[in-house]
Structures are given as structure tokens and as C-alpha cells.
Amino acid sequence: MVNTGRKYVFDFDSTLTRVEALDVLAEMTLAGNSNRDEIINKIQEITNLGIDGDISFTESLERRIKLLNAHKNDLEPLVEELRQKISKSIEANKEFFEKFSDDIYVISCGFKEFIDPIVKEYNIPSDRVYANTFEFDEDGKIIGFDEDNVLASHNGKIECLKRLDLDGEVQVIGDGYSDYVMREAGIAHKFFAYTENVHREKAANKADYITPNMDEFLFVNDLPRNISYPKNRIKILLLENVHPNAFDNLSGDGFSVELLKHSIPEDELIEKIKGVHVLGIRSKTQVTQKVLDAANKLLVVGAFCIGTTQIDLEHAKKKGVVVFNAPYSNTRSVVELAIGEIIMLMRSIFPRSTEIHGGSWQKTATGSREVRGKNLGIVGYGNIGKQLSILAEALGMRVYYYDIEDSLALGNAKKCATLEDLLNVSDVVTLHIDDNPANKNFIGEREIKQMRDGALLVNLSRGFVVDIEALAKALKSGKLGGSAIDVYPEEPASNGEFKTELQGLDNVILTPHIGGSTEEAQRDIADFVPNKIMDYINSGNTVDAVNFPNIRLPKLSKAHRFLHIHKNMPGIMAKINAVLAEYELNISGQYLSTDSEVGYVITDLDKEYNKDVIKALKKVENTIKFRVLY
């Protein structure tokens, strides 16, 4: 009898490693065989039949070895290959195996020849590894296995565990039904279906716990682990059909991600947001005060777009919810569309195209002009405006710009002191201003009157910045020679019917808010925003947050990190540091960033400390949110 409180019995293939070792051996030994793929597929099929209990394990083993054509000399390269294929979360939690090695056993229907050298590196000795052994002929070719080994027989794991006669609670961790049978036989107390590498439905349906990674297993058992909270328990909700790369990036980092193709109204989102840690949206979903109040676990909102007016930024900050957006990722797409539309409007391409589609040939140069030598007025000289300035100059346009912020002119662009100056001089006016509510009807009847007769107006910024009624009137009267509009004061939540006063007007290009909607831009956004989200969740960094004190933190190494968000009130830091001093913590670094409303303090400290300090820090007056990272 082994006298201890708890024993952990691990499978090897597809649990400790990401692969089935015999499949890897087959890929190595069958290299150059013309039937390689067919044989490997057959071996994998036989493997799965044995794991799921659909054929006896003995039969499974016999059939696979016959197909392998392997030699003793292949085993050392196999071990080297397996060293590179340790399960990601197993490798990250190597310290657990080293610390609890006396309580860990490996029971596998694989082979000791390749299991022993792998688990030895995790401080598991050979005498606690129970597996099959190969038989070789005189030339070293693998010809079979030790048939007297109990693990070579059907349900051999049951008999093996019985013979061990382990005392205390026995937990089995494995991916297959052949692991579950030890629980079914009553000789194991719990079965954890390990799904990091493969999800076998038959085993998962019988499991006491489904364990997507080692972090979850250690968390359930309250054991030392590499990270403070299993990422699979962090729920992420992505709305509005964001690019699939966002799902891949976030789920690939271990988070539980749900992806919906549409936006959802406030009342539905209030219910859906409960239990969600991260919300990803585009421009349609409204993250209101009511939504934020219902979000009991929300840490961060990612806007997969530039604009953030759809989010109550101030209330999010008061709730300790950090907001990120994508201010740069789709700028090139917007610039290219602006350039294209300016050329199309100058050449009156759309009227000519409509005529041809209607069966009418109207070849004429009337109203068709080059952009070279024309004056382009850019309102808003930010990331988009500056790129547009460079490309427009390359086409031979003279560039003027107006911005309320001081900004260095690029190339030969000239800054206008007032909006009126820009409107007076421009043949084309293009708008690239932000979503400040004060910009409503920024271009109205008065501003249009200040524009040159026959000038063109392009709006790829925000729908509410142009008075659509005044624009329609100017187009109908001939005051303006054309317009390109991509955004509107009111836009539908989903694709379908849409009406605007601008429909049917001559030389007017209307598009459904697609300025930033290119495959490249959406892919870039799906990389940029998830990286910001992951950086905040994993390390606490708030660089580029739009509503929160920005702080760049050093990489966390062999330490615990306390993240404390609080109202920016006098004396808070003194209270926090008093708690840290009371518990005599060894602090390796402390970082603080504040704005007028909230403070964000991060404290890095040694791993060993009295855990009661966490409760004390959460009780500090004016605390908004607190979490621990390691």
C-alpha cells in the first residue's frame, strides 16, 4: 500500500504528448513508401478503434505493429521527435510534475521504450511507468510485443491499476475511453477527459470533468499551476461577424470563444453579457450603461473598428472595463477608396456606367476631368488624412488640409487656418474627422455654400458629420458636382432594405459603410485587437486603451502580479501600500498610471506570500476591480 492523500494516473499518447507515438513512428518508418499515406491512415483508424473500445486493444496493437515496419534504431529518433511534441500546457506546468512526482503514475498502452525517456525529464521514474514493451528479432526489427504484459490485453489498464492497489483518491487523466474504464470499474475515483489535443466524444460523455488543458486540471484540484486562472474559463463573445482570424487568435491562446455573425439589441445583450469576460464588437452593437451594469465579469471590450461612440466609454471606465479599438489597421483601405472615388467622381464614371447598363451609348468628355492639378481639401489630418495627402500628391493634386490639432504637413501640403479657407479653395473636399458628438452636421448648408461651385464632397468618416438634407439640395441644384458617401446618420443593424435622400442623384456614389471593409484590413484588425486583449488579460498592459490610463508593463517572470483598479481619490496608494506592508510582501516592482477618474496600480511580488492579502486589497475603499496574474 502507498499511503498518500491523492494519486494521479496519466495516459501518455494524446495526453502528455500531442500525438499518438505509433502514428509518428509510422510517418518516420514509412517515408518513401508509395503507400505511406494509405498505411498511416489505416494505423490511425485502428488506433481510434482501440482507444474507443470498439476492438480489443490486443487486436489493435497487433494490427498496427504489422503495418509499422519499424526497427530498434528508429526509437531514438522517435524519442527526439516526441520531445518536440509535449502537450503545450503539460510543458508549461512541468513544475507540478517535478514537485508531485511521488504521486504521479503513467499507465499507458504505449511502450516503455519511448515513454520512459520522455517522462524521466518530468521527474517520473521508470518504476512508476506502466506500459508495454516491444519484441525484436535478431536484426532489431520490431516484430511484436510482450503478450504477457497485462497492458497488452483488453482493458489491461483496469488490471494494472488494481495490482498497484493505490491508497487515497485516485484520479485518472487521459483522452480515451480506455482510460475511463478504470473509473467505470470502481478503482479510480475521478476521470478527467483530457481534450487539449483531441476530443473523443465517447470518453468526454463519461467524464467527471472535461479538461481542455493541464491548467484546468490543476485549478479544479487547487494545485500549484503555471497561470493564475485557466484561460478556457475566460469567456469571449465576438459579435458582428468579425474576421475568423480573431477567433483563431483568441481560441489558439486557450480562451473559450463564441462567435456570432450579427449584432444583438440591448435587451438581448444584457442577458448574453452575463458571465462574459471579453466582448468583441464592430460598429453596430451598442454597449450602453445598462449593458455594462449587467456585465458582472466583463474585463475588456474590443472594438474591431476605429470608432468607439457605440460604447459608453466613461461608464466602462467607472466599471473598470478597458476598451481597445483598431485606430490604424484599416486606414489604408479607407485611403484607397477615397482616391478611387475622387477619380470616379472627377471622370463622371458612374453616370456613364449607368447609361451603358441601361443600353445607352453616350461617349463624351463633358464633365470628365483629370485629378492632376486639382485642389484636394482634407478635413482631419490624422492617420488617414496624412496617407491620403501623400497619395494625392503622387497623382499630381495640390493638397490643403484643416485640423483643429497642430500637425506637421507632409510633402507640399498646406495647412488652412480655417475650415472656410479650405472650402473656398478646394475642388474636392474629403472628410476624415472623429466621432466627437460636437461634429454633428459639421458640413451643413452654410459650409456647402462656402464650397466652390461644382466641387465634390467625399465622406468616409462618420454619418452624422454631414447634413444629408443640405447635401441632397446642393446636388440637385448643381451647387455641388458630385459626392461619395459611405456613412449615414442612421444605418441598419443588419443587411437589408435601406433608404436615403441621396438615392438616384446624378454622379453620387453610395456605399454601405465599407471604407475599412477589405479582406486585408479585417485580417489586420483581427490580429491587432486580439493582441491588445490578450496582452491585457495575460499581463495587464493597457497601451492603446481608449478609455483607460495607458501603461506598458515589463514581462512577468517568476513573480505574481496584483492589478488594482480604483477611483482616483486622495490617499488610495497609501492605503494599498499599507496593506502590502502589513503582510510584509517582498515587492519587486510597482507601476502606477492615473487619469482624472481612475487609478491603475500594478504590483509585482515574490510568489510566496500570505493569500489573505488578496482579500485585504479587495476591501480597500474605492476599489473598482482587483485580480492576480501569474
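Scroll up to find the structure.
Engineer: Would you take a moment to explain the sheet that holds strand β16 (residues 414-415) for this structure?
Structural biologist: Through backbone hydrogen bonds, the strands of a sheet pair up, either in parallel or in antiparallel fashion. The strand order β16-β15-β14-β17-β18-β19-β20 describes an open sheet built from 7 strands, whose pairing is parallel. Each edge of the sheet is formed by a strand with only one pairing partner; in this case those strands are β16 and β20 (508-510). In this sheet, strand β17 (residues 428-431) lies alongside strand β14 (residues 375-379) in parallel orientation, the contact comprising 4 bridges. Among the inter-strand pairings, Leu376 is bridged to a residue of β17, identified as Val428. Against the sheet, helix α19 (residues 383-394) engages β14, β15 (398-402) and β17, with an angle of about 170° to β14. The strands that helix α22 (residues 468-477) touches are β18 (455-459), β19 (480-485) and β20; relative to β19, the one it contacts most, it runs at about 140°.

Engineer: It is not clear to me how the environment of His199 should be interpreted in this structure. Could you clarify?
Structural biologist: Looking at the secondary structure, you find His199 in the loop between β7 (190-194) and α11 (201-204). When the C-alpha positions of His199 and Gly496 are compared, they lie 39 Å apart, and in sequence the two are 297 residues distant. Here the side chain of His199 touches Glu201 through a polar contact of 3.4 Å, side chain to side chain.

Engineer: Sorry if this is basic, but what is going on with the packing of aromatic side chains here?
Structural biologist: To describe a pair of aromatic rings, one takes the distance between the centres and the angle between the planes. Applying the stated criterion to the full structure yields 24 aromatic pairs. Between the aromatic rings of Tyr488 and Phe498, the centroid separation amounts to 5.0 Å while the plane-to-plane angle is 65°, which identifies the pairing as edge-to-face. In this pair, Tyr488 is assigned in the loop between β19 and β20 and Phe498 in the loop between β19 and β20, connecting sequence segments 10 residues apart. By relative accessible area, Phe498 is classed as partly exposed at 29%. Linked through ring pairs, Tyr8, Phe10, Phe96, Phe97, Phe100, Tyr122, Phe192, Tyr209 and Phe217 together constitute an aromatic cluster. Taking NZ or CZ as reference, Lys202 lies 4.6 Å from the ring centre of Tyr177, over its face.

Engineer: It is not clear to me how unusual backbone geometry should be interpreted in this structure. Could you clarify?
Structural biologist: Trans is the prevailing form of peptide bonds, just as negative phi is the prevailing case for residues other than glycine. With a phi angle near 55°, Asn241 is a residue other than glycine that sits in the positive phi range. Position of Asn241 relative to the elements: it lies in the loop between β9 (235-238) and α13 (244-252). Notably, His513 is not glycine yet its phi reads approximately 55°, a positive angle. Tracing the sequence through the fold places His513 in the loop between β20 and α23 (519-539).

Cut-offs and rules
- Residues numbered from 1 in each chain as written.
- Predicted model: local features only at pLDDT ≥ 70, side-chain atom pairs only at ≥ 80, totals over all residues.
- Heavy atoms only, no water.
- Pairing = 2+ DSSP bridges.
- Helix = DSSP H or I, 4+ residues; strand = E, 2+ residues; numbered from the N terminus.
- Contact = heavy atoms within 4.5 Å.
- Axes fitted to C-alpha atoms, helices over the stretch in contact; angles between N-to-C directions.
- Polar contact = N/O pair within 3.5 Å; in protein donor to acceptor, adjacent residues only side chain to side chain.
- Phe/Tyr/Trp six-rings, centres within 6.5 Å; stacked < 30°, edge-to-face > 60°.
- Buried < 20%, exposed > 50% of the residue type's maximum accessible area, 1.4 Å probe, protein only.
- Lys NZ or Arg CZ within 6 Å of the ring centre and 35° of its normal.

By themselves these figures say nothing about function.
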